[in-house]
Amino acid sequence: MILEGVRVVDFSQYLAGPVVTRLMAEMGAEIIKVEPGPNGDPTRTLPIMKNGRSGYFVQQSLGKKSICLDFAKPESQAIIEELIKGADIVVENYSKRASEKRGLDYETLKKINPKIIVASVSAFGRNSPYAEKTGYDWIAQAFTGVMHMTGPKDASPHPVGVGIADSNAGVHAFASIGYALYYRERTGKGQYLDISMVDALFHMNEITLQGYCASDGAYEPMRAGAHHPLVCPCGVYKSAEGYMVLLVLQNQWQNLCDAMGRPELATDPRFVDQDSRAANQAELIPLIEQWLQTFDSDAQAWAHMEEFRVPSGPVLNPKDAIDHEYYRGRGAIRTVNDPFVGEMHLPGFPLRFSEQPEYEPGAVPALGEHNAVLLEDVLGYSTERIGELEAAGVLVSGDR
């Protein structure tokens, strides 16, 4: 495994931080999830719950080890410092105030371990005028313009229906850690990674920002609903069974006309070039939808368009992926059997490395499940000392 032998002390919770360490676990890193007592990561109780276990927590926690500490007790801080001394990486997504209060700021951690790599994932970043502000996914969507660009043309802004800001920031942090490890291999130096959900999501703006600048303000970024305002066909079309997406640029326009059996549309003055089609899309969209609905199925329509190399695809419900030939064939969906939740289908590992063997996901940890084994095997604590810490309430555990 690419990250075999890399030890990560993970203080993160909810989604953005756990995404980072979930990806690292898939690559063989040892993830020590340090949870605050008495309840641990709040996602342990997020819906949907089954038999006392959260499906949300299962997805983000496969293969991690849990140690749960009462942070109010000084013995907990001593344990944390000992874990950090032997770690390669720390991941945290507390607020700036909370990380400093708990001694998880970089200046404190690098005194404990000068080679440590610390990744902080926050809404507005640590070195920021808004460092003290609290933020979650939808707040980042709103602040970056993503929400402004999403939703029906003549209605209010809409959030994207998945945790795009959290997950996107997690992947950015994951990538940053890889480069920090590479830098440390070359120089022996650790470093601090300040990853902002807002920065990572704002980076996804393309014509929404540069179009405004390049047009000297003539192009006003605004949500357009199901169809792109400047490119047509580019949107969501009613089909025989549901909806399909087409994105046809000038080089593919003739292909679509041929696929539709309407070659004359290619030279129709209303549709002859991109600007004309965008201006006249109210006339073009119904023509395409009427044609799509002549097929017996969306699969048939998609296969026909592929014969003519027309960029297109069906709009799937996430549950459609479970038995879909692409997701199964690609290994992009993973089936796990949790002792409490039962069989679950989860997104698989999105990266492909020729030197990375197939990952067999480990079990989801119960709260503080690895308290004793981590203190004994990693820190060298005696059985007697571990018992004392349990009796004093320093170590916390639970059955889920």
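These figures come from a predicted structure and were not determined experimentally.

Calculation rules
Each chain has its residues counted from 1, following the order in which its sequence is written. Reporting in this predicted model follows two pLDDT cut-offs: at least 70 for local features of residues, and 80 or more for side-chain atom pairs to be given and counted; totals over whole chains, interfaces and linings ignore these cut-offs and use all residues. To get the side-chain values, all heavy atoms of the structure are used, and hydrogens and water are removed first. The helix and strand labels rest on DSSP assignments: H or I over at least four residues marks a helix, E over at least two residues marks a strand, and numbering proceeds from the N terminus. Throughout, a residue-residue contact means that at least one pair of heavy atoms, one from each residue, lies within 4.5 Å. The nonpolar core is taken to be a set of buried Ala, Val, Leu, Ile, Met, Phe, Trp, Tyr and Cys residues, with the residues joined through side-chain atoms within 4.5 Å. Partly exposed residues are those whose accessible area sits between 20% and 50% of the maximum for their type, while under 20% is buried and over 50% is exposed, using a 1.4 Å probe and protein chains only. Using a 1 Å grid laid over the protein atoms alone, points where a 1.4 Å probe fits but cannot get out form a cavity; open sets with protein on both sides within 12 Å along at least 5 of 7 lines form a pocket; any residue with an atom within 4 Å of a point counts as lining. Grid points are joined across faces, edges and corners, and a volume is the space filled by probe spheres set on the points. For this classification, Asp, Glu, Lys and Arg are treated as charged, while Ala, Val, Leu, Ile, Met, Phe, Trp, Tyr, Cys and Pro are nonpolar and the rest, including Gly, are polar. Throughout this description, a polar contact denotes any pair of N or O atoms lying within 3.5 Å of each other; where both atoms belong to protein, one of them has to be capable of donating a hydrogen while the other can accept it, and for residues adjacent in sequence the pair is counted only when both atoms sit in side chains. Two strands form a pair only when DSSP identifies at least two bridges running between them. The handedness rule is simple: strands pointing away from the viewer, and a clockwise path from the first strand over the helix to the second, make the crossover right-handed. Two joining distances apply to patches: 9 Å for like charges and 5 Å for nonpolar side chains (Val, Leu, Ile, Met, Phe, Trp, Tyr), and every residue must have over 30% relative accessible area and no salt bridge. Calculation of accessible area relied on Shrake-Rupley with a 1.4 Å probe; when residues are assessed, cover is drawn exclusively from the protein chains displayed. We define a salt bridge as a side-chain nitrogen of Lys or Arg found within 4 Å of a carboxyl oxygen belonging to Asp or Glu. Stacked, edge-to-face and tilted are the three classes for Phe, Tyr and Trp ring pairs, Trp counted by its six-membered ring, which pair at centre distances within 6.5 Å; planes under 30 degrees apart are stacked, over 60 edge-to-face, the rest tilted. Charge-over-ring contacts are defined here by two conditions on Lys NZ or Arg CZ: a distance within 6 Å of the ring centre and an angle within 35 degrees of the ring normal.

(A) Main features of the environment of alanine 301. Within the secondary structure layout, alanine 301 lies in helix H13 (residues 298–307). Between the C-alpha atoms of alanine 301 and methionine 244, which are 57 residues apart in sequence, the distance is 9.2 Å. Excluding anything up to four places from it in sequence, alanine 301 contacts Met244, Leu292 and Phe295.

(B) Spotlight on the nonpolar core. Val8, Val20, Met24, Ile89, Val121 and Ile177 are the most contacted members of the largest nonpolar core, which totals 37 residues. Mapped onto this core, the elements with two or more residues apiece are helix H1 (16–26), strand E6 (89–92), strand E7 (117–122), helix H7 (164–187), strand E8 (192–196) and helix H8 (197–202). When residues in this core are grouped by element, the largest group, seven residues, is from H7. Every residue in contact with valine 8, bar those within four places of it in the chain, is listed here: Thr21, Met24, Ala29, Glu30, Ile31, Ile32, Ile89 and Val91. The next biggest cluster of nonpolar side chains, apart from the first, holds 26 residues, and it includes Val90, Tyr106, Leu379 and Ile386.

(C) Structural context of the layout of surface pockets. Approximately 1400 Å³ is the volume found for the largest pocket. Sorting the residues of the lining of the largest pocket by element identifies H1, strand E3 (49–50), helix H2 (55–61), H7, helix H14 (325–330) and strand E13 (342–347) as the ones contributing at least two each. The class makeup of the residues in the lining of the largest pocket is 25 nonpolar, 10 polar and six charged. The volume enclosed by the second largest pocket comes to roughly 800 Å³. Among the elements of the structure, helix H9 (207–214), strand E9 (234–238) and strand E10 (243–247) are those that each provide at least two residues to the lining of the second largest pocket. When grouped by side-chain class, the residues that make up the lining of the second largest pocket number 19 nonpolar, nine polar and two charged.

(D) Spatial organisation of the side chain of arginine 334. Mapped onto the fold, arginine 334 is located in strand E12 (residues 333–338). Within the local environment of arginine 334, its side chain forms a polar contact with the side chain of glutamate 26, the two groups lying 2.7 Å apart. Residues within four places of arginine 334 in sequence aside, it is in contact with Glu26, Met344, His345, Leu346, Pro347, Gly348, Phe349, Tyr359 and Pro361.

(E) Local environment of the pairing of E6. Neither face of E6 is left uncovered, since the one carrying Ile89 and Val91 and the one carrying Val90 and Glu92 both have all their residues buried. Both strand E1 (residues 7–10) and E6 contribute to a ladder of three bridges, which runs parallel. Bridge pairing in E6 places aspartate 10 opposite valine 91. Strand direction decides the pairing type here: E6 and E7, joined by four bridges, are parallel. From the neighbouring strand, glutamate 92 faces E7, where its bridge partner is serine 120.

(F) Local environment of the pairing of strand E2 (residues 30–36). Counting buried positions over the seven residues of E2 gives six, a clear majority of the element. Regarding topology, H1 serves as the crossover connection from E1 to the parallel E2, and that connection is right-handed. Direction of pairing for E2 relative to strand E5 (residues 65–69): parallel, over a ladder of five bridges. Along E5, the bridge assignment pairs proline 36 with leucine 69.

(G) Up close: a nonpolar patch on the surface. Where nonpolar side chains cluster on the molecular surface, the patch consists of Ile2, Leu351 and Phe353 and spans about 230 Å² of accessible area. You can see leucine 351 is positioned in the loop between E13 and helix H15 (371–377). Accessibility expressed as a relative area gives 32% for leucine 351, which makes it partly exposed.

(H) Just the packing of aromatic side chains, in detail. Within this structure, the stated rule accounts for eight aromatic pairs. Centre to centre, the rings of tyrosine 14 and tyrosine 136 are 6.0 Å apart; their planes meet at 80°, and the pair counts as edge-to-face. Residue tyrosine 14 is found in the loop between E1 and H1, and its partner tyrosine 136 is found in the loop between E7 and helix H6 (137–143); the two are separated by 122 residues along the sequence. Among the residues examined, tyrosine 14 registers a relative accessible area of 32% and is labelled partly exposed. Residue class for tyrosine 136 comes out partly exposed when judged on its relative accessible area of 47%. Measuring from ring centre to ring centre gives 6.4 Å for tryptophan 253 and phenylalanine 271, while their planes differ by 70°; the resulting arrangement is edge-to-face. Remark: phenylalanine 271 occurs in the loop between helix H10 (250–259) and helix H11 (274–279) and tryptophan 253 occurs in helix H10; sequence separation between them is 18 residues. There is no split in this pair, since tryptophan 253 and phenylalanine 271 are both buried. Counting every residue linked through ring pairs, the aromatic cluster contains Phe124, Tyr130 and Phe143. For arginine 102, the ring lying beneath its charged end belongs to tyrosine 94, and the centroid distance is 4.6 Å.

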